[in-house]
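Chain by chain, the residues:
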Amino acid sequence: MSDLEGSDQAKTETENVSDSQDSDSDDGSCGATGESEMEFLRNLFSRTLGIGSEKPEKVLDELTLEGIAQYMLSDKCKNIVCMVGAGISTSAGIPDFRSPGSGLYHNLQKYNLPYPEAIFEIGYFKQHPEPFFALARELYPGQFKPTLCHYFMRMLKEKGLLLRCYTQNIDTLERVAGIPQDVLVEAHGTFYTSHCTSMFCKKEYPLGWMKEKIFSEQLPKCEKCNTLVKPDIVFFGESLPAKFFSSMKHDFPNCDLLIIMGTSLQVQPFASLASKVPVNTPRLLLNKEKTGQSDPFMGLLGLGSGLDFDSEKAYRDVAFEGNCDDGCLALANFLGWKNELEELVRKEHAVIDAKTEAEGIVDMKHKEQPARSPGKSDVTPTQESSEKTGGSNL
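The model shown is predicted, which means the values in this text are computed figures rather than measured ones.

Enquirer: I tried to follow the overall build of the chain on my own but got confused; where do I start?
Expert: A tally of regular secondary structure across the chain gives 12 helices and 9 strands. Counting over 394 residues, the chain shows a buried share of 50%. Considering only contacts within the chain whose residues lie at least 6 apart along the sequence, 75% involve residues at least 24 apart. Accessible surface, the chain as shown: approximately 19100 Å² in total, 50% of it carbon and sulfur.

Following this line, the structure appears as structure tokens:
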């Protein structure tokens, strides 16, 4: 669900925050929970009443992309956190959720759902899994290449600047682009692995196994207990991964620059991450429109993003309105990285194209191979695909 955006998801995930945090408490972190509640209250009063020990300080020379680039090249910027959604993958051919006419929710009528979001609800999925797997055949990982945005984040990592990437996407394109798993937080899960839905089994299956089942139009059933197997993506009604909560406690207080790309910042608790960085940390939004601006009601709940681009008090937030790839390329140009980034994209896409072509030739030969006579050996070398392309922003 690349960017699982909507009021139902916001409600569901907000309710699930307490579940995940309760599980953390069970691990012996009661004291940490108390500290978290105190931090929440301090931040709440700071935002709503202007009370707090840390006073805003302007750290950017100017509230522009060039100002962000100058800051990134200074010794003040060492830890960058990225928050990304479906908008960074649309140029790869993967639809987002809400764009009129082309968004995923707009094109689900053929599945005869009671309402569009039902296709991603865990209760509906367990009763009627067929629509989800039919959609998965259309958008499955393995059919798309990472975008310039994905490779820009890889460059941040290679230059020692990327502390963490928090993604709402399940298309695996961050992995395909070469962003290491240890710096990835896949907030809405991933297609990379799947598990049996039986609470007594939970057998794990790899991406290739699930792909074979989906494209053979078989419902994936567990080989051990014959229960339905589900990709490890977060459906409505499920808790976010534990790594989301454990990582954010460390990452956001230490963040020197927050880069938000391709998300409408509507889904909670993901959207609230933008408000968890220190008050002096610059925040850059690359998106087709401005979003995440202050909402008094959500702010009182501690769930707002609180971005401020245009008021007289604006001092740290910068917005680039347009295609995310264009935004990353413009920023790379100011950084002096443009040629390096474009060359990286060309090189990596060429590798993926060559691999895809080679695998297509192998598949064609297998299909054209005549049936063996009963007396001949059927032993052939095992061939495993490394899944070098991604897909599906379900």
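The rest of the description comes next.
Enquirer: Help me understand the nonpolar core in this model?
Expert: In a soluble, globular protein the nonpolar side chains are often hidden away together inside. Formed by 43 residues in total, the largest nonpolar core has its most connected members in Met72, Phe152 and Leu156. Going through the elements one at a time, α3 (65-72), β1 (80-84), α6 (148-158), β2 (162-167), β7 (257-261), β8 (283-287), α11 (324-335) and α12 (338-368) are the ones with two or more residues in this core.

Enquirer: Looking at this structure, I do not really get the sheet that holds β1. What am I missing?
Expert: Each strand in a sheet pairs with its neighbour through backbone hydrogen bonds, running either in the same direction (parallel) or in the opposite one (antiparallel). The strand order across the open sheet formed by 6 strands is β3-β2-β1-β7-β8-β9, and the pairing between neighbours is parallel. Here the strands that pair on one side only, and so sit at the sheet edges, are β3 (184-186) and β9 (317-321). On average, each strand axis in the sheet is inclined to that of its neighbour by 15°, with strand direction left out of account. One ladder, built from 5 bridges, connects β8 with β9; its direction is parallel. What sits directly across from Leu286, in β9, is Phe320. The sheet contacts of α11 involve β7, β8 and β9, and relative to β8 the element is tilted by about 135°.

Enquirer: Looking at this structure, I do not really get the sheet that holds strand β4 (residues 189-196). What am I missing?
Expert: As summarised here, the arrangement of the 3 strands in space is β5-β4-β6, forming an open sheet in which the pairing is antiparallel. This sheet does not close on itself; its edge strands, each paired only once, are β5 (204-206) and β6 (229-233). Averaged over all pairs of adjacent strands, the angle between strand axes in this sheet comes to 40°, irrespective of strand direction. Both β4 and β5 contribute to a ladder of 3 bridges, which runs antiparallel. Its bridge partner being in β5, Thr193 is matched across the sheet by Pro206. Here helix α5 (residues 130-138) sits on the sheet and contacts β4 and β6; the angle it forms with β6, its principal contact strand, is near 60°. This element, helix α8 (residues 207-215), spans β4, β5 and β6 of the sheet and lies at about 80° to β5.

Enquirer: Whenever I open this one, α5 confuses me. Can you help?
Expert: Listed in full, the buried residues belonging to α5 are Pro131, Phe132, Phe133, Ala134, Leu135 and Ala136. Those residues of α5 that are buried are in contact with α4 (122-127), β4, α8 and β6.

Enquirer: Explanation requested: the side chain of Thr167 in the structure shown.
Expert: One can find Thr167 in strand β2. Classification of Thr167 by relative accessible area gives buried; the value is 0%. For Thr167, the side chain forms a polar contact with the main-chain nitrogen of Asn169, separated by 2.9 Å. Side chain to side chain, Thr167 and Glu174 meet in a polar contact 2.8 Å long. Sequence-distant contacts of Thr167, that is, excluding residues within four places in its chain, are made with Val84, Glu174, Leu184, Val185, Glu186, Ala187, His188 and Phe270.

Enquirer: I'm lost on the environment of Gly237 in this one. Help?
Expert: Relative to the helices and strands, Gly237 is located in the loop between β6 and α9 (242-251). C-alpha of Gly237 to C-alpha of Ile122: the two residues are 115 residues apart in sequence and 6.0 Å apart in space.

Enquirer: Explanation requested: the confidence of the model for the chain in the structure shown.
Expert: Close reading of the predicted structure is inappropriate where its pLDDT is low. Averaged over every residue, the pLDDT of the chain is 79; residues scoring 70 or more account for 70%. Across residues 47-53, confidence stays below pLDDT 50; counting only partners more than four residues off in sequence or on other chains, it has 9 contacts. The low-confidence segment residues 371-389 (pLDDT under 50) makes 23 contacts with residues lying over four places distant or belonging to another chain.

Enquirer: Just to check I follow, could you spell out the packing of aromatic side chains for this structure?
Expert: To describe a pair of aromatic rings, one takes the distance between the centres and the angle between the planes. Overall, the coordinates contain 12 aromatic pairs when judged by the stated rule. Residues Phe120 and Phe132 carry aromatic rings whose centres are separated by 6.4 Å and whose planes lie at 80° to one another, so their mutual orientation is edge-to-face. Of the two residues, Phe120 sits in the loop between β1 and α4 while Phe132 sits in helix α5, which places them 12 residues apart along the sequence. The exposure class assigned to Phe120 is buried, which follows from its relative accessible area of 0%. Each ring, one from Phe132 and one from Phe235, has its centre 5.2 Å from the other, and the planes form 55°; the classification is tilted.

Quick notes on the rules
Each residue is numbered by its place in its chain's sequence as written, counting from 1. The model is predicted, so local features are restricted to residues of pLDDT at least 70 and side-chain atom pairs to those at 80 or more, both for listing and for counting; the totals for chains, interfaces and linings are taken over all residues. Just so you know, side-chain values use all the structure's heavy atoms and leave hydrogens and water out. Helix and strand assignments come from DSSP, with helices taken as H or I runs of at least 4 residues and strands as E runs of at least 2, each series counted from the N terminus. Relative accessible area decides the class of each residue, using a 1.4 Å probe on protein chains only: under 20% of the type maximum gives buried, over 50% gives exposed, and in between gives partly exposed. Note on contacts: a residue pair is in contact if any heavy atoms of the two residues lie within 4.5 Å. Here, Shrake-Rupley sampling with a 1.4 Å probe gives the accessible areas, and only protein chains in the shown set may cover a residue. Residue types Ala, Val, Leu, Ile, Met, Phe, Trp, Tyr and Cys, when buried and joined through side-chain atoms within 4.5 Å, form a set referred to as a nonpolar core. DSSP bridges decide pairing: two strands pair if at least two such bridges lie between them. Here the axes come from fitting lines to C-alpha atoms, over the contacting stretch only for helices, and the angles between their N-to-C directions go from 0 to 180 degrees. Residues adjacent in sequence count toward polar contacts only when both atoms are side-chain atoms; beyond that, a polar contact is any pair of N or O atoms within 3.5 Å, and within protein one must be able to donate a hydrogen and the other to accept it. In predicted models, pLDDT denotes the confidence assigned by the predictor to each residue on a 0 to 100 scale. Here is the rule: rings of Phe, Tyr and Trp (six-membered ring for Trp) pair when centre to centre is within 6.5 Å. Planes less than 30 degrees apart are stacked, more than 60 are edge-to-face, and the remainder are tilted.

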